[in-house]
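What follows is the residue order along each chain.
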Number of protein chains: 2
Amino acid sequence: MTTTSFSPQGNSVPLPSCFLQLKERITNHTAQVAVVGLGYVGLPFAVEKAKVGFPVLGIEQNPKRADRVNQADNYIADVDDAELKVLVEAGKIQAFTGFDRIIDADVVVICVPTPLTKNLTPDLSYIESVTTAIAHRLRPGQLISLESTTYPGTTDDVMRPILEDSSGLKQGRDFFLSHSPERVDPGNKRYTTKNTNKVVGASDSLSLEIATLFYQQTIDHVVPVSSAKAAELVKIFENTFRAVNIALVNELALLCDRIDINVWEVLDAANTKPFGIMPFYPGPGVGGHCIPIDPHYLEWKAKEVNFNTRFIALAGEINRRMPSFVRSKAFRVLNQLGIAPSRSQILVIGVTYKKDLADWRESPALAVMEALLHDQVTLRYHDPYVPSLHIDGHWLESVELTDDAIGSADLVIITTEHSSVDFSRVLHQAKAILDTRGATRHLSDPDHKVTLL
Amino acid sequence: MTTTSFSPQGNSVPLPSCFLQLKERITNHTAQVAVVGLGYVGLPFAVEKAKVGFPVLGIEQNPKRADRVNQADNYIADVDDAELKVLVEAGKIQAFTGFDRIIDADVVVICVPTPLTKNLTPDLSYIESVTTAIAHRLRPGQLISLESTTYPGTTDDVMRPILEDSSGLKQGRDFFLSHSPERVDPGNKRYTTKNTNKVVGASDSLSLEIATLFYQQTIDHVVPVSSAKAAELVKIFENTFRAVNIALVNELALLCDRIDINVWEVLDAANTKPFGIMPFYPGPGVGGHCIPIDPHYLEWKAKEVNFNTRFIALAGEINRRMPSFVRSKAFRVLNQLGIAPSRSQILVIGVTYKKDLADWRESPALAVMEALLHDQVTLRYHDPYVPSLHIDGHWLESVELTDDAIGSADLVIITTEHSSVDFSRVLHQAKAILDTRGATRHLSDPDHKVTLL
């Protein structure tokens, strides 16, 4: 049997036997899958793969997390407790803190963080150290796929040299390398790992073919693109689109504040247009691990070719300015009440970056709170998902949302609109509210207690 | 019978009798409706109103257009020829060039252009002259509604004083004034005047009530907002959203050009994400009467409060720069072929601003063509909707898209992707193509003839 690749040029080249073996192991779901990083991307992915039969080994440098996985003690909201338990007990998922078992893996999927430095430049240290650890153990016939969001060129220009140089193996012949950006939307019940179309890119045709086949085993629709850098750019563009549109409505909110128009009314009305519009709303800023970060990876990379990604720069600037706008608006509300901020009690409701999620990374509520603490405001907060917080030298504990907690505050600032909070009750009990999320905008407010962002 | 208004404060005030009479005439469809400006907004609106029984008089300063309406000779693609004929023959629609008959109107709807000056400042001359003409004839019980897109404050701060000062009548008591921005999307078969939700704003409760009632007679869903300026801002925001998102993907195209990534592949892949994304594509710039214009109305107004609408400024700058980018990319393609632009023949396909529409106002294709003519390119164009063009001192006539016309050009530039053009045939016949619309991006191109924007 002569097997040839599907190279678009149509020229037939004999396929490496390691490729054919890997293809078979993927097709019959016997390939050993390693997932590096068992966070909100890696753990759901590991579960999806194990569910269809793949033996999965997880590599997680945090020993507490690795232990919890091995005890089937789920810590990711998008993972089903019972599913994880069944898979762990069946030995289908095992977690390790070190990389030794990588040698057994046919496919290695990397789901590690790609944060920013304080100066908004990419921090690829996780990707680099993981790639180096893999490179030392690389063997023919392995597929390495990066899921972390990063700038175009990371897979080809950063990972590939590390993998090839220390192993002596060659991509596209001995091993395979792809980028397939995660599109996890934490808390999204409708679109999960399985039914969210997945983009895959690689810079040689065998890597693209094998990676596409691998993802097709558990994902309904896989979208191959012609290069790893195109796949990298797809993901950054998706989050840039969101960052820019959030900044656009934040800028609109800043303008509406000046010309005395209710920005929420404008946006709600604009969103009744049945075509050509997509709803975005202003807020106290952006948070989480994607929107405030990913675009700056592209901004940094573009400077190499003397290109200023001006929309990214502008969006970042406006979104990062919002907490300070919230603080100044809080001052104006207090001023109308005749209270100096340093003599005021403020209750902040919601500190996570997104509603109904236990994630306060990069949350703009923290920036608002930090500013208010700096202004010597007496600050309390309520968040059902965040029992305690350390902000700028202060330890704060979430308070219960009692009538007294609401009513004793001079001002309530709504920074996250968790579904568990009864905003109608908050409106009834509060003396004054600064609502940065529009959570109360459809409620009756006869006493004009609410100031909307 | 005591009739009172629905003022949100709940205080009962006796309603003016002229209001009650107007309400009755609107409800039983006997109100005389005047539509000022019988263009792509006014004429479809006139037809919708006449279809449900309202007698409609159109006021159109262009005598040729007024004559054509009176002869039931339709000139607006979104209007049905037969429907217009029936209504004109039944005397339900009559057109005039002067304002004398305004005295007979119960409702006056203004659909006149709001262009920009060359310096990107608002040109309200049409609104002002129409409002003045109406003011001289204003009588108690009339509703005046502005549909033209304009900056927040036009209805209240420009129109109201003109109407009140010369008539001595008072808004909200003697006459009624509202803003209801048109949302016409020319060529949209699915969303027409009738089934596109319509926003209405007014700054007194009686004007809002009567205007809402008037629009409800022919429109499925009317969305009242609390002020005319909020309604004005809604419309500008809708088009700002589009202008900014087009500019964002145009900036992405400029970057992709530098880092050698196919922007169309990136966007097509990004648009497979089933949530959180909305498709926009790059192109040779923006055109028409909305996207390049409306946002600058807001930009201008915002300067009054020392506010820079930076997204609008940036979007305008990037979108207006695209024709020059197309020209420089055309030069690069010609350079690869070893042909000096001044010795080249270029065929431009499509000059309207939007596909399948006969409208070349502000079309970016014209800017591209003007630049190429300036470079002494031998230029021809094909557009089924535009038989001839006058550009910068040159008269051009659309050529037939024969094999010879395509094959004799050194370069074909696709600037509008009309459905009537067989791009597969163009690709087959052409020597080289610069495709600014991605019209050929899914076609097989074995000879690498196509350069995508």
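On a predicted model such as this, the values are computed, not experimentally measured, just so you know. (Residues numbered from 1 in each chain as written. Chains lettered and ligands numbered in written order. Predicted model: local features only at pLDDT ≥ 70, side-chain atom pairs only at ≥ 80, totals over all residues.)

### Some words on the overall build of chain A
Condition: Secondary structure elements follow DSSP: runs of H or I no shorter than four residues count as helices, runs of E no shorter than two count as strands, and numbering proceeds from the N terminus. Just to be clear, the radius of gyration here is over C-alpha atoms, and the globule rule we use is 2.2 Å times residues to the power 0.38. The burial criterion counts other C-beta atoms lying within 10 Å of a residue's C-beta, which is placed from the backbone; the residue is buried at 20 or more, exposed at 12 or fewer, and partly exposed between these limits. Think of it this way: build a C-beta for each residue from its backbone, and any pair within 7 Å is a contact.
For chain A, the count of helices and strands is 14 helices and 15 strands. In terms of C-alpha radius of gyration, chain A reaches 25 Å, essentially the compact-globule figure of 22 Å for 453 residues. Expressed along its principal axes, the backbone C-alpha trace of chain A runs to roughly 85 × 50 × 40 Å. Put simply, chain A has 453 residues, and 51% of those count as buried. Pairs at least 24 apart in sequence give 67% of the contacts found in chain A among residues at least 6 apart.

### Thoughts on the relation of the copies chain A and chain B
One copy of the chain maps onto the second through a rotation around an axis plus a translation along that axis. Operational definition: When the copies are superposed, the least-squares fit draws on C-alpha atoms of residues that have pLDDT of at least 70 in both.
Under the fitted operation, chain A is carried onto chain B by 0.0 Å of movement along the axis and a turn of 180 degrees, and the coordinates agree to an RMSD of 0.0 Å. Taken together, the turn and the small shift mark the pair as related by a two-fold rotation axis. For chain A, the minimum C-alpha distance to the rotation axis belongs to M278 of chain A and amounts to 3.6 Å. Here 100% of the interface residues in chain A have copies in chain B that are interface residues too; the copies meet face to matching face.

### Notes on the domain arrangement of chain A
Residues and elements named next belong to chain A. Stated formally: Residue ranges for the domains originate in an automatic or database domain assignment. Three classes are used, and their members are as follows: Ala, Val, Leu, Ile, Met, Phe, Trp, Tyr, Cys and Pro are nonpolar, Asp, Glu, Lys and Arg are charged, and the others, Gly among them, are polar.
Here chain A is partitioned into domain 1 (17–226) and domain 2 (242–452). Between domain 1 and domain 2, the C-alpha centre-to-centre distance is 35 Å. Each partner contributes residues to the interface: domain 1 has 13 residues there, and domain 2 has 13 residues. The class makeup of the residues in the side of domain 1 that touches domain 2 is 8 nonpolar, 5 polar and no charged.

### Looking at the sheet that holds strand β14 (residues 433–435) of chain B
Residues and elements named next belong to chain B. To keep things clear, this is the line we draw: A pair of strands is labelled paired if DSSP reports no fewer than 2 bridges between them. To obtain each axis, a line is fitted to C-alpha atoms, and for helices this fit is confined to the stretch in contact; angles are then taken between N-to-C directions over 0 to 180 degrees.
Taken in spatial order, the 5 strands line up as β10-β9-β13-β14-β15 in an open sheet, and their pairing is parallel. This sheet does not close on itself; its edge strands, each paired only once, are β10 (378–382) and β15 (450–452). When strand polarity is set aside, the average angle formed by the axes of neighbouring strands in this sheet is 20 degrees. Relative to β15, β14 is paired through 3 bridges, and the arrangement is parallel. For I433, the partnering residue across the bridge sits in β15 and is V450. Seen against the sheet, helix α12 (residues 364–374) touches β9 (345–349), β10 and β13 (411–414) and runs at an angle of roughly 160 degrees to β10.

### Examining the sheet that holds strand β13 (residues 411–414) of chain A
Residue and element names in this part refer to chain A. Strands sit in the order β10-β9-β13-β14-β15 across an open sheet of 5 strands; the sheet is parallel. Each edge of the open sheet is held by one strand with a lone partner, namely β10 (378–382) and β15 (450–452). On average, each strand axis in the sheet is tilted by 20 degrees relative to the strand beside it, whichever way the strands run. Helix-sheet contacts for helix α11 (residues 310–336) involve β9 (345–349), β13, β14 (433–435) and β15, and the interaxial angle to β13 is about 155 degrees. Contacts from helix α12 (residues 364–374) reach β9, β10 and β13, with the element oriented near 160 degrees to β10.

### Looking at the environment of G350 of chain A
Within the fold, G350 of chain A resides in the loop between β9 and α12. Owing to 29 C-beta atoms within 10 Å, G350 of chain A belongs among the buried residues under this scheme.

### Section: the packing of helix α8 (residues 228–259) of chain A against helix α9 (residues 263–270) of chain B
Keep this limit in mind: For classification purposes, an angle smaller than 35 degrees is called roughly parallel, one larger than 145 roughly antiparallel, one from 65 to 115 roughly perpendicular, and anything else oblique. In this scheme, a crossing is called left-handed if the near helix is turned counterclockwise away from the far one by less than a right angle; it is called right-handed if the turn is clockwise.
Between α8 of chain A and α9 of chain B, the shortest axis-to-axis distance is 9 Å and the interhelical angle comes to 55 degrees. Between α8 of chain A and α9 of chain B, the interaxial angle falls into the category oblique. When the axes of α8 of chain A and α9 of chain B are compared, the crossing they make is right-handed. When α8 of chain A is examined against α9 of chain B, the residues A230, L233, V234, F237 and E238 of chain A are found in contact with a partner set consisting of E265, V266, A269 and A270 of chain B. When the residues that make up the contact of α8 of chain A with α9 of chain B are grouped by side-chain class, the tally is 7 nonpolar, no polar and 2 charged.

### Here's the deal with the nonpolar core
This is how the line gets drawn: Any set of buried Ala, Val, Leu, Ile, Met, Phe, Trp, Tyr and Cys residues joined through C-beta atoms within 7 Å is what this text calls a nonpolar core.
Ranked by internal contacts, the top residues of the largest apolar core, which has 284 residues, are V266 and V412 of chain A together with V266 and V412 of chain B. Look past the residues within four positions of V266 of chain B in its chain and what remains in contact with it is A230, L233, V234 and F237 of chain A together with C256 and I261 of chain B.

### Re the pairing of strand β2 (residues 56–59) of chain A
All names here are of chain A. Side chains V56 and G58 of β2 all project onto a buried face; the interleaved residues L57 and I59 project onto the opposite face, where all are buried too. Where strand β1 (residues 33–36) lies against β2, 4 bridges are found, and the strand directions are parallel. Across the sheet, the residue bridging to A34 is L57, located in β2.

### A word on the packing of helix α2 (residues 42–51) of chain B against helix α4 (residues 81–89) of chain B
Two packed helices can be described by the angle between their axes and the distance between those axes. Residues and elements named next belong to chain B. Close contact between α2 and α4 brings their axes to 10 Å; oriented N to C, the two are set at 60 degrees. Classified by the angle their axes make, α2 and α4 are oblique. Seen along the crossing, α2 lies across α4 with a hand that is left-handed. In this structure, α2 contributes V47, A50 and K51 to the contact, and α4 contributes E83, L84 and L87.

### Describing helix α8 (residues 228–259) of chain B
All names here are of chain B. Under the convention used in this document: Given a helix with a known number of residues, its expected span is that number minus one, times 1.5 Å.
Spanning 32 residues, α8 covers 47 Å between terminal C-alpha atoms, matching the ideal 46 Å at 1.5 Å per step. Burial runs high along α8: 29 of the 32 residues are buried. Once α8 finishes, D260 follows within two positions and takes phi at roughly 60 degrees, a positive value.

### Some words on the interface of chain A and chain B
On the chain B side, the residues contacting the 46 residues of chain A number 46 residues. Elements that contribute at least two residues to the side of chain A that touches chain B include exactly β8 (222–225), α8, α9 (263–270) and α11 of chain A. Of all the elements, α8 of chain A adds the most residues to the side of chain A that touches chain B, at 15 residues. Residue composition of the side of chain A that touches chain B, grouped by class: 28 nonpolar, 8 polar and 10 charged.

### Observations concerning unusual backbone geometry
The general pattern is negative phi for most residues beyond glycine and trans for most peptide bonds. Even without a glycine there, the phi angle at E362 of chain A is positive, about 60 degrees. You can call E362 of chain A partly exposed: it has 19 C-beta atoms within 10 Å. The backbone of N306 of chain B shows a phi angle near 60 degrees, a positive value even though the residue is not glycine. Relative to the helices and strands, N306 of chain B is located in the loop between α10 (294–302) and α11 (310–336). Under the C-beta neighbour-count criterion, N306 of chain B is labelled exposed, with 7 such atoms within 10 Å.

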